[in-house]
Amino acid sequence: MAGPGRVTAAQDVRARTDGLGWVSRAVFGDPRIGLTVGDGAPPGHTVVARYTVVPSVERARFLLPRGAVRATAAALLAYNALRPPKVRAVRAGLGALARVGVLDAARFPTLTVSLPEGVDPAGALLAAHLADVLDVRPAYAACGVRPPDPNHKPTLQVFAADGRPLGYAKIGWNDATRALVAAECAALRALPAVSGVGEHPAAPGLLAELTWAGQVIAVVDPLPLSVRGVPADDPPRLGALLAVARRGGPPTEPRPLAGSTFLARLGAEAARAAEAEPAGERAVAAVAALAGRHGGTRVEFGHWHGDWVPWNLGVHDGRLVAWDWEHSGADVPVGFDLAHDAFQRALVLDGRSAAEAARAVDAHLARHGERLGLSAAGRALVADAYLIEMWLRTWRLASAGAGWNAALHPALLDTVERRHYD
């Protein structure tokens, strides 16, 4: 039997196993919150917000705030230039309806959010708490809905009543995503001194890091409204890559791989993987082979963005903007971001295999690596080390509850092992 102020699972969309259920559990995690499809609320509850579910409960793609025409339109239209053409067209159509007040009257389902009488919304409802954090009231939150994925993070877009974007709240809800959100917060705290200086890309500012109902939440500045996406075939921006690697400073002296803290970290992580996962023994062997092959090779070490791909980059006022710094880190061989760019374009955009993506890394480094100060031996080191780093990332996410990326495991280890014997 449900306790006071609680709704039963049978009544609650959070009990659903689809994307709407997953997002609702993350955004409306407090069990005191009632979520009712329709305009009603449980007995003893007060309605605190309503959302339009687009296009239906069964095929939900958006949760859009009701009763705030400009905020709803902005949730659909802001940053539309960053989205693929088909998505852009759908959102533009819905945004036009929202702008003239028609969307609220359309025959889309309503999700009613309620609380027991006397409960302060700011103490139970994340969107209300964010309004307090951002010091703008009223504030309205919108959220995209996607299929459940243990590696994805629900994100609330927060807008003022006049449609002005206030911030984005990225929600880390399991071990894997909590670690990623915490890592992004750490990266963004360190970036203001160099963000947008020289060729270093601008980055969103960190507005707040919250712990809320067991979740870790990063609240970041909205991007400039006029930002435009970088084309998928955009050539690598080597000056920006070097600025990220060097934190806007001068080059550092190349050092041998042997004895580096980077190699020590790879070895320690591979050893931890071997304790938990049979495939980890292969990673241990791969790190040993890397040390044997490249131990004497000298390369520059520095930072990397960690997910340098066209869909995480944009241009505003002629300056590069980079977001999603959740895989950022220090003390890696300079050139890792260039390798990642090639690998992900081949794997994600072109649908190629891990082995083919690895060959794309080799080609990209051969074409551009010299401008990053990499010798032929240095380029080979960067490629081999990057592929091991990527498998270890895949293992870290899997061990934290995100599951294995089928495109990378075990194919990436197979690729690492075969690269010097084919």
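Residues numbered from 1 in each chain as written. Predicted model: local features only at pLDDT ≥ 70, side-chain atom pairs only at ≥ 80, totals over all residues. Heavy atoms only, no water.

- The name given to the protein chain in an unreviewed UniProt entry is Aminoglycoside phosphotransferase domain-containing protein, with the source organism recorded as Micromonospora fluostatini.

### Remarks on the layout of surface pockets
- When its volume is computed, the second largest pocket comes out at roughly 380 Å³.
- Contributions of two or more residues to the lining of the second largest pocket are made by helix 6 (175-190), helix 8 (261-276), strand 16 (329-333) and helix 12 (376-402).
- It is helix 12 that provides the largest number of residues to the lining of the second largest pocket, a total of five residues. (1 Å grid on protein atoms, 1.4 Å probe; cavity = no way out; pocket = protein on both sides within 12 Å on 5 of 7 lines; lining within 4 Å. Points joined across faces, edges and corners; volume = space filled by probe spheres on them. Helix = DSSP H or I, 4+ residues; strand = E, 2+ residues; numbered from the N terminus.)

### Comments concerning the sheet that holds strand 10 (residues 228-229)
- Strand order across the open sheet formed by three strands is 10-14-15, with antiparallel pairing between neighbours. Each of the sheet's edge strands pairs with one partner strand only, and the pair in question is strand 10 and strand 15 (319-322).
- Here strand 14 (residues 313-316) runs beside strand 15; their pairing, made up of four bridges, is antiparallel. Looking at strand 15, one finds that Val-315 is bridged to Leu-320. (Pairing = 2+ DSSP bridges.)

### Re the nonpolar core
- Residues Phe-343, Tyr-386 and Trp-391 are the most contacted members of the largest nonpolar core, which totals 67 residues.
- By residue number, the principal contributor to this core is helix 12, which donates eleven residues.
- Once residues lying within four places of it in the same chain are set aside, the contact partners of Tyr-386 are Trp-304, Phe-336, Ala-339, His-340, Phe-343, Gln-344 and Val-361.
- Counting 42 residues, the second-largest nonpolar core is a separate cluster that includes Leu-125, Ala-141, Leu-156 and Ile-171. (Core = buried A, V, L, I, M, F, W, Y, C linked by side-chain atoms within 4.5 Å. Buried < 20%, exposed > 50% of the residue type's maximum accessible area, 1.4 Å probe, protein only. Contact = heavy atoms within 4.5 Å.)

### A short note on the pairing of strand 9 (residues 215-220)
- In terms of residue burial, strand 9 counts as a mostly covered element, since six of its six residues are buried.
- Residue alternation in strand 9 divides its side chains into two sets, Gln-215, Ile-217 and Val-219 and Val-216, Ala-218 and Val-220, and both sets are buried.
- By the bridge criterion, five bridges tie strand 7 (residues 165-172) to strand 9 in an arrangement that is antiparallel. Note on strand 9: the bridge partner recorded for Tyr-168 is Val-220.
- Pairing between strand 8 (residues 206-212) and strand 9: six bridges, direction antiparallel. In the strand pairing of strand 9, Leu-206 is matched with Val-220.
- Remark: two residues form the turn of the hairpin made by strand 8 and strand 9, two consecutive strands paired antiparallel; Ala-213 in that turn has positive phi of roughly 55 degrees.

### A look at the sheet that holds strand 7
- Read from one edge of the open sheet, nine strands run 1-4-2-3-5-6-7-9-8, paired in antiparallel fashion. Both outer strands of the open sheet, strand 1 (34-37) and strand 8, are each paired with one neighbouring strand and no more. Each neighbouring strand pair of the sheet contributes to a mean axis angle of 25 degrees, computed without reference to strand direction.
- Lying over the sheet, helix 5 (residues 126-134) contacts strand 2 (45-54), strand 5 (139-144), strand 6 (155-160), strand 7, strand 8 and strand 9, oriented at roughly 140 degrees with respect to strand 8. (Axes fitted to C-alpha atoms, helices over the stretch in contact; angles between N-to-C directions.)

### Let's talk about the environment of Ala-286
- Mapped onto the elements of the fold, Ala-286 is located in helix 9 (residues 280-294).
- Taking the C-alpha atoms as reference, Ala-286 lies 9.9 Å from Leu-266; in sequence the two are 20 residues apart.
- Not counting residues within four places of it along the chain, the set of residues in contact with Ala-286 comprises Ile-388 and Val-416.

### Quick word on helix 5
- For helix 5, every residue scored as buried is listed here: Leu-126, Ala-127, Ala-128, Leu-130, Ala-131 and Leu-134.
- Just downstream of helix 5 lies Asp-135, where phi reads positive at about 60 degrees.

### Here's the deal with the packing of aromatic side chains
- On inspection of all chains with the given rule, the structure shows ten aromatic pairs.
- Ring centres of Phe-262 and Phe-301 lie 6.2 Å apart, and the angle between their planes is 45 degrees; on these two criteria the pair is classed as tilted. Of this pair, Phe-262 sits in helix 8 while Phe-301 sits in strand 13 (residues 301-304); the two residues are 39 residues apart in sequence, bridging distant segments of the chain. Grouping residues by exposure puts Phe-262 and Phe-301 together as buried.
- An angle of 75 degrees between the planes, with centres 5.3 Å apart, marks the rings of Trp-304 and Phe-336 as edge-to-face. Of this pair, Trp-304 sits in strand 13 while Phe-336 sits in helix 10 (residues 336-349), and the two are 32 residues apart along the sequence.
- By relative accessible area, which is 4% here, Trp-304 ends up buried. (Phe/Tyr/Trp six-rings, centres within 6.5 Å; stacked < 30°, edge-to-face > 60°.)

### Points about the packing of helix 2 (residues 69-77) against helix 3 (residues 85-99)
- In contact at an axis separation of 8 Å, helix 2 and helix 3 are set at 170 degrees when each is read in the N-to-C sense. Classified by the angle their axes make, helix 2 and helix 3 are roughly antiparallel. From helix 2, Val-69, Thr-72, Ala-73, Ala-75, Leu-76 and Leu-77 reach across to helix 3, where they touch Arg-91, Ala-92, Leu-94, Gly-95, Ala-98 and Arg-99.
- Here the residues of the contact of helix 2 with helix 3 sort into eight nonpolar, two polar and two charged. (Parallel < 35°, antiparallel > 145°, perpendicular 65-115°, else oblique. Nonpolar A, V, L, I, M, F, W, Y, C, P; charged D, E, K, R; others polar.)

### Notes on the environment of Leu-313
- Locating Leu-313 in the fold gives a position in strand 14.
- Among the residues examined, Leu-313 registers a relative accessible area of 6% and is labelled buried.
- Note: C-alpha distance between Leu-313 and Pro-231 (82 residues apart in sequence) is 9.1 Å.
- Apart from the residues within four sequence positions on either side, Leu-313 is in contact with Gly-229, Val-230, Trp-308, Leu-320, Val-321, Ala-322 and Trp-323.

### Quick look at the pairing of strand 5
- Sheet analysis places strand 3 (residues 62-65) next to strand 5, joined by two bridges and oriented antiparallel. Following the sheet pairing, Leu-63 is matched in strand 5 by Cys-143.
- When strand 5 meets strand 6, the two strands line up antiparallel, connected through five bridges. Note that in strand 6 the partner of Ala-142 across the bridge is Gln-157.

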